[in-house]
Amino acid sequence: RVAITAGVTKTSQTPVYSYCERHNLPVDLYDRNSLPFGLSRGQTLSQHVGVVASFGHLLPRRTISLPGRGFVNVHPSLIPRYRGAAPIHHTLLNGDATSGVTILEVVPRHFDIGDILHQVAVDIPVGASGAEVWEMMGSRSSDTLLEYLADPTSFVRRHQDPEKASTAPRIPPRQMRALSFICPQTQGAHQIYNISRLLGTGLWVSWNGQKLKLRTIGLCSPDCAPINAPRRPGQFWFDEGTKCLVMRCVEGLINISKIIIPFSGTSSDAMSAGRFWRGFSSRADKVFKMHYESEGLKPRKTCCRRGLDERVLESQVMKRSKSSNVL
């Protein structure tokens, strides 16, 4: 028998709750102040084990003790690495080649510190987009959970090593938006590329005062730079071999095959790098910079009057990178 307790947000029901309703599965709304399914104190569930995944609520001891074997958590990382609400986000931002799935014990008053019950490593394909990684990790998580539930006693319980622990806190929407405004004068190619993989919607830059969105971004080998290639971060050129723009970052190169110019008088659809190069870049400086309207990184009023002051923006970017676990 399956009994499911689904947590809901203040604005919408979770996918788990909606799935249960569509398939006529018994479901109850989570309330930390009461026991699920109308149980009274002292009563227990007939189920052997409870499972939480991306639940976001600390379970009290009285709830954890309801099933015979307590509760387990399905976490998409190699615990103790990336404890927290956003392990896949941080896996992508850090460009990890390997992640994993961990089945761990749920304990009261703390997230992600229980004993490890089962764990498998998962290789992240080179160049995989954020959507592809999410889908892959979801599939591997369900497979790993089923492996564990088939015979829980066959797996060896082990404690976490606190010295290897790291956190993966939730990234608020405002900060996710701020990530999309890049600065090649202060960010390296791998950092920009990893942000593009996570967001999947393109990255914003400024070009001669015009706000542009860079789409379809990839890493570029240093060998693709000709001898006379521009040397300053933010400068770009067109590579005939790949038909892409190549932009120099503070470290490394990235290639850009699609560009969107919002409200340019032409179609706002993504244009090819070749079309952009032929129609636009020959008219002005070939340098991409951080757009000054990036959320949380607006220049001071004096900069607005005098024009964009790169040094002020760069100092703000560096302060943000030092104070954030994301950049």
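Keep in mind that this is a model prediction, so the values were computed, not measured.

## Quick notes on the pattern of salt bridges
At step 1: On inspection of all chains with the given rule, the structure shows four salt bridges.
At step 2: Among the ionic pairs, Arg-157 bridges to Glu-105, the shortest N-O distance being 3.1 Å. Linking Arg-157 in the loop between helix H4 (130-150) and helix H5 (173-179) with Glu-105 in strand S5 (residues 98-105), this pair joins segments that are 52 residues apart in sequence.
At step 3: The class of Arg-157 is partly exposed, set by a relative accessible area of 46%.
At step 4: We note a salt bridge from Lys-243 to Glu-240, for which the minimum N-O separation is 3.0 Å.
At step 5: Given the relative accessible area of 53%, Glu-240 is considered exposed.
At step 6: When salt bridges with common partners are traced through the structure, they connect Glu-105, Asp-115 and Arg-157 into a single cluster.

## A few points about the pairing of strand S8 (residues 210-220)
At step 1: Examined bridge by bridge, strand S7 (residues 203-207) and S8 share five bridges and lie antiparallel to one another. Residue pairing for S8: Trp-207 is matched across the bridge by Gln-210.
At step 2: The antiparallel pairing of S7 with S8 creates a hairpin that spans two residues between the two strands, and Asn-208 there sits at a positive phi of about 55 degrees.
At step 3: Examined bridge by bridge, S8 and strand S11 (residues 253-260) share seven bridges and lie antiparallel to one another. Note on S11: the bridge partner recorded for Arg-215 is Lys-258.

## Description of the environment of Pro-230
At step 1: Relative to the elements of secondary structure, Pro-230 occurs in the loop between S8 and strand S9 (236-239).
At step 2: Considered as a pair, Pro-230 and Arg-248 are 18 residues apart in the sequence and their alpha carbons are 7.8 Å apart.
At step 3: Those residues in contact with Pro-230, other than ones at most four positions away along the chain, are Gln-235, Phe-236, Trp-237 and Arg-248.

## Observations regarding the sheet that holds strand S4 (residues 71-75)
Hydrogen bonds between backbone groups are what pair the strands of a sheet, and the pairing can be parallel or antiparallel.
At step 1: With mixed pairing, the four strands of this open sheet are ordered in space as S3-S4-S5-S6. Among the strands making up the open sheet, the edge pair consists of strand S3 (50-52) and strand S6 (116-123). Neighbour-to-neighbour, the strand axes of this sheet turn through a mean angle of 15 degrees, independent of strand direction.
At step 2: By the bridge criterion, seven bridges tie S5 to S6 in an arrangement that is antiparallel. Bridge pairing in S6 links Ile-103 to His-118.
At step 3: H4 rests against S3, S4, S5 and S6 of the sheet, and its axis sits at about 145 degrees to S6.

## With respect to the state of the cysteines
Any covalent bond linking the sulfur atoms of two cysteines counts as a disulfide.
At step 1: Considering all chains together, one arrives at one disulfide under this definition.
At step 2: The side chain of Cys-220 participates in a disulfide bridge whose partner is Cys-224; the two sulfur atoms lie 2.4 Å from each other. Torsion about the S-S bond of the Cys-220 and Cys-224 cystine: about 135 degrees, corresponding to right-handed handedness.
At step 3: By relative accessible area, which is 16% here, Cys-220 ends up buried.
At step 4: In this structure Cys-183 is not part of a disulfide, and its nearest cysteine sulfur, from Cys-249, lies 9.9 Å away.
At step 5: Relative accessible area serves as the criterion here: at 3%, Cys-183 is assigned to the buried category.

## Examining the packing of aromatic side chains
At step 1: Overall, the coordinates contain seven aromatic pairs when judged by the stated rule.
At step 2: Both rings, one in Phe-238 and one in Trp-277, keep their centres 6.2 Å apart while their planes meet at 25 degrees; by these two values the pair is stacked. Remark: Trp-277 occurs in helix H7 (residues 273-279) and Phe-238 occurs in strand S9; sequence separation between them is 39 residues.
At step 3: Classification of Phe-238 by relative accessible area gives buried; the value is 14%.
At step 4: Trp-277 gets classed as partly exposed once you look at its relative accessible area, which sits at 23%.
At step 5: Pairing Phe-276 with Phe-288 gives two aromatic rings, centres 6.4 Å apart and planes at 40 degrees, and the pair type is tilted. Placement of Phe-276 in helix H7 and of Phe-288 in the loop between H7 and helix H8 (301-306) is noted, with a sequence separation of twelve residues between them.
At step 6: Owing to a relative accessible area of 0%, Phe-276 belongs among the buried residues under this scheme.

## So, unusual backbone geometry
At step 1: The step from Ile-79 to Pro-80 runs through a cis peptide bond, and the omega angle for that step is 15 degrees.
At step 2: Within the element layout of this structure, Pro-80 appears in the loop between S4 and helix H3 (87-93).
At step 3: With a phi close to 60 degrees, Asp-112 is a non-glycine residue in the positive phi region.
At step 4: Within the fold, Asp-112 resides in the loop between S5 and S6.

Basis of the calculations
- Residues numbered from 1 in each chain as written.
- Predicted model: local features only at pLDDT ≥ 70, side-chain atom pairs only at ≥ 80, totals over all residues.
- Heavy atoms only, no water.
- Salt bridge = Lys/Arg side-chain N within 4 Å of Asp/Glu carboxyl O.
- Helix = DSSP H or I, 4+ residues; strand = E, 2+ residues; numbered from the N terminus.
- Buried < 20%, exposed > 50% of the residue type's maximum accessible area, 1.4 Å probe, protein only.
- Pairing = 2+ DSSP bridges.
- Contact = heavy atoms within 4.5 Å.
- Axes fitted to C-alpha atoms, helices over the stretch in contact; angles between N-to-C directions.
- Disulfide = S-S within 2.5 Å.
- Phe/Tyr/Trp six-rings, centres within 6.5 Å; stacked < 30°, edge-to-face > 60°.

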